[in-house]
Amino acid sequence: MTKAGDWQSYRRVLLPPVKDLHHLDVYRAQGGYEALRTVLNDWKPEEVTAEVKRSGLRGRGGAGFPTGLKWSFMPPVKPDVPRYLCCNADESEPGTFKDRQLMEYNPHLLFEGILIAGYAMSLKACYLYVRGEFSSWITLLQNELSKVYDAKLAGSNILGTDYSMDIIMHKGAGAYICGEETSLMESLEGKRAYPRIKPPFPAQSGIWGYPTTINNVETLACAPIIIDRGGDWFAGVGAKKHPGPVLYGISGHVNRPGVYEYPTGMLITDLLEIAGGMRDNKKLKALVPGGASVPVLRADMIDGVTMDVESLHEAGSMMGTAGMLFLDEDTDMVAFLRRVARFYHHESCGQCTPCREGTGWMENLITRIDDGEGNLRDLDLLLDLCDQMEGRTVCALADAAAWPVRNTIKRFRGDFERRCRPSAWAVNT
Amino acid sequence: MADFIRNPVVALPDSNPEAHFSEEELVFTPEEKAKIVDYVAQYPTPDGAVMWVLWLAQEKFGFLPPEVMRLVATELSLPYAQVYGVATFYTQFFKEKKGTFVLDVCTCFSCQFCGGYDTLAYLEEKLGVKRGHTTPCGRYTLQEAECLGACGSAPMMQVSNGPYAYNLTPEKIDALLAAMEAGKPLPFVSVTLPQDEDEMGGNRRTDAEAVEHYVVPPQAKRTQ
Ligand SMILES: Cc1cc2nc3c(=O)[nH]c(=O)nc-3n(C[C@H](O)[C@H](O)[C@H](O)COP(=O)(O)O)c2cc1C
Ligand code: SF4
Ligand code: FES
C-alpha cells in the first residue's frame, strides 16, 4: 500500500504545467504573489509560522527537520538586531538536481516563499546562496529578481505595507561543504568555509553573530503553497508524518531520468515505473534513495518501501534529498563506492582529523580493492574506519561519508569479497 | 580542499613568486570599482564581498595568481592571508593559468554510470591531453568534476564555469568543440521535465539570450 494516495490524478504545484512561468507577469496571472499579499495584509507573523507548523512541512535539504519548528526557534525580535535568512541553493549532493529545476522553471515561487518566511520571522534580508557552478541560473534569477524589485514586491515597503526585506544573491565557488549550514554562513562571511561547532545554533548566532535561519530552496518554495491552500491541505498530501509535494530527482539506468513532482510516500516501484523502467530491460541491482550520503538499498529491499522518512528508515536508509539513483545488474559496486569515497575525500574541508584522514584512507583502501590488490581484512578495516569517523567530527560530512561505505560493504559484501585476496590475519580492533 | 592543506598549489604568502601581471595591469577600472562598492554594500562587513570580487578578478585576469589576490585584498582593505585563504578553498577559483576553455566533465555518481568516464576518455583522445592538463596550444583544459547538479542529463560537462552541455555523445562533443573553435558562445540549454513532455508537449525556457557566456551577474536594486 502506498501512502501517496491517489497519485495518478495528482496535479503539480511546485512545477505546474504552465508555459513561461518564470516570467513575472505569467506568474502573477496564475495568482502569484497573492499569498504574500494576503499574509502581509491580514496575518500576524506568528500565524504564518503556526500555519507552516500545521502543514507538517519538513526541510527538503537533506536532514528533514520540521520547518515550522525551525522558524519558531528564532529569538524574540529586538530593535537594532538584524535577523537573516539563508536560502541554501548550494545543491551539490551527488544525485540531486531538483533545486536547479525549480530555479529554472519557477523562480518566483522561491522568491515569494523567501518573502513569506521573512515576514514570519521578521527578517531584514535573505542571502540566496547559489553554488558557483550554476552561474547561468544566477543570471536568470538575477534578471527576475530585478523585476521583483521594480514591481515593489521586494525591497522597502513591500506591496505598500510597512514591511521591508531584501533578497541578496551570493555566488559560491565550488565546494560541497558550503551546503552544510554553518559552513555556508562562514562562506557568506568571506572566510574559508569551515563548519562551526554547534551550539550555538544559527538561530542564536548565525551570520555575523545575528539570529539566522537556513532553509533549502524547495522548502521555501512550499511556503506560498501552504498559505495559498492551507496547512491542512498540505498535511493531507502524501505520507502523514512527512507530507507534501516533493521533487524526486531520478537518475541512473532508467529510461526517462529527470525531476518528477509527486506527493511524498510514493512506492519506489511506482517511481521506477514512472521513470520508464530500467534501461535495456535490465534488472535493478541497487538504489540510492536520497543522494550520495544515504545508505544504498539492494533491489530485494525495496518491495513496499515508500519515499518518506518512516518507511525508508525501516528499510534501512533515509530520504535525504530525494535524489534517487537507480543502478542496473551490471553495476560494479566496488567502482561505485570508490567514486563515492573519492568525492568525500575531495570535499572534506580538512578541519577534523577523523574526516580529513579517514576519507583519504577510505579512498585508498577501496581503490586498492578495486585494483584487485586488496585483502579480505581490508573490508573489516573499512568498517572499523567508519566507526572511528561517525559522530566524532564538527559536521555531518564524516557521517555522510561513513554511511554509504558501511552499508555498501554490508549489503554487497559478496561483490567486494570476490575482488579481495584472502587474508589469514584478522583485523585487530 | 583537503589537498590544499598538504600540497599548497600556489606559493605561500611569505615567499615571493614571480608575478604574471605587471603593476600597470593590476588595477580595477572605475566601472569595476563601482561594482565592488555595490557588492560591499550588500553585506554588514566588506568580508562578505570577497567571493564576488574574486569572481570579478578571475573574469578579468583569467586566474588568480598571488598578485591578483593581493589586489583584491587591497581593494577590500582585508588581510592578504584572508583572501588567499578564501581563494585556495574553492575549486572554481583558478590558482594557475588555464586554457581558453575549461572543460569540466562530471564523472561523479550518476554520471559515472551513464558515460561520464567515456566522455572524459573521448575528450582525452580527441584533444590529446590527459585530465587535469591543458593542451599545448593553450585552448583547452580538461578536468574531472564532482557532481554538477544535472544528474538527470548524464553524462554532462560544464564549459569555463559557465554553460552546461547535457546528454553528451561523441557527435555532440564534436559539435561543441567545433562551435568553440569557431568562437561561438555556447547557448544556455533548458532541460525538459518528463512530466512537462507528457502534459504539455514539452516546456523549455526560451530566454537563452538572457544568459551570457561566463558572466558575473548584475546586482538587484537595493532598498537604501
Ligand atoms: C555535508 C553537508 C552538505 C549539505 N549540503 C546541502 C545542500 O547542498 N543543500 C541543502 O539544501 N542542504 C544541504 N545540507 C543540509 C543543510 O545543512 C541544512 O540542513 C539544510 O539546508 C536545512 O534546510 P531545510 O531545513 O530546509 O532542509 C547539507 C548538510 C551537510 C552536513
Ligand atoms: S567533518 Fe569533515 S567536512 Fe565537516 S568540519 Fe570536519 S573535516 Fe570539515
Ligand atoms: S552526477 Fe554528474 S551531474 Fe550529478
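Residues numbered from 1 in each chain as written. Chains lettered and ligands numbered in written order. Predicted model: local features only at pLDDT ≥ 70, side-chain atom pairs only at ≥ 80, totals over all residues. Heavy atoms only, no water.

A look at the interface of chain A and chain B
- Listed by partner, the interface residues are 92 residues for chain A and 75 residues for chain B.
- Buried surface at the junction of chain A and chain B, both sides included, amounts to about 7,000 Å², of which 54% is carbon and sulfur.
- The interface formed by chain A and chain B holds seven salt bridges in total.
- The partner of arginine 256 of chain A in a salt bridge is glutamate 197 of chain B, with the nearest N and O atoms 3.4 Å apart.
- Where chain A touches chain B, the interface holds 38 residue pairs in polar contact (both at pLDDT 80 or more).
- By residue number, the principal contributor to the side of chain A that touches chain B is helix α7 (residues 135-150) of chain A, which donates 12 residues.
- Here the side of chain A that touches chain B is composed, by residue class, of 40 nonpolar, 28 polar and 24 charged. (Contact = heavy atoms within 4.5 Å. Buried area = accessible area lost by both parts, 1.4 Å probe. Salt bridge = Lys/Arg side-chain N within 4 Å of Asp/Glu carboxyl O. Polar contact = N/O pair within 3.5 Å; in protein donor to acceptor, adjacent residues only side chain to side chain. Helix = DSSP H or I, 4+ residues; strand = E, 2+ residues; numbered from the N terminus. Nonpolar A, V, L, I, M, F, W, Y, C, P; charged D, E, K, R; others polar.)

Some thoughts on the site of ligand 1
Residues and elements named next belong to chain A.
- What surrounds ligand 1 is a group of 18 residues, the closest being Gly61, Lys70, Asn88, Asn216 and Thr219.
- Lysine 70 places a side-chain nitrogen or oxygen 2.8 Å from an oxygen atom of ligand 1.
- Burial of ligand 1 by the protein chains amounts to 90% of its free accessible area of 610 Å².
- At three residues, strand β4 (residues 212-216) tops the list of elements feeding residues into the shell around ligand 1.
- Each residue belonging to the shell around ligand 1 can be placed in one class, and the counts come to four nonpolar, eight polar and six charged. (Near = heavy atom within 4 Å. Areas by Shrake-Rupley, 256 points an atom, 1.4 Å probe, with all protein chains shown as cover.)

Side note on the domain arrangement of chain A
All names here are of chain A.
- Domain assignment breaks chain A into domain 1 (7-11 + 18-235), domain 2 (245-328) and domain 3 (333-419).
- Relative to domain 3, the C-alpha centre of domain 1 lies at a distance of 34 Å.
- Summed over both sides, the interface of domain 1 with domain 3 buries roughly 840 Å², with 72% coming from carbon and sulfur.
- In this assembly, domain 1 and domain 3 are joined by zero salt bridges.
- Across the domain 1-domain 3 interface, the total number found is two residue pairs in polar contact (both at pLDDT 80 or more).
- Of the residues contributing to the side of domain 1 that touches domain 3, the split by class is seven nonpolar, one polar and three charged. (Domains from an automatic or database assignment.)

Considering the pattern of salt bridges
- Applying the stated criterion across every chain yields a total of 43 salt bridges over all chains.
- Aspartate 415 of chain A is the partner of arginine 418 of chain A in a salt bridge, and the nearest nitrogen-oxygen pair spans 3.3 Å.
- Classification of arginine 418 of chain A as exposed rests on a relative accessible area of 65%.
- With a relative accessible area of 18%, aspartate 415 of chain A lands in the buried category.
- Within the structure, one salt-bridge network assembled from shared partners comprises Arg339 and Arg342 of chain A together with Glu124, Lys130, Arg131, Glu144 and Glu146 of chain B. (Buried < 20%, exposed > 50% of the residue type's maximum accessible area, 1.4 Å probe, protein only.)

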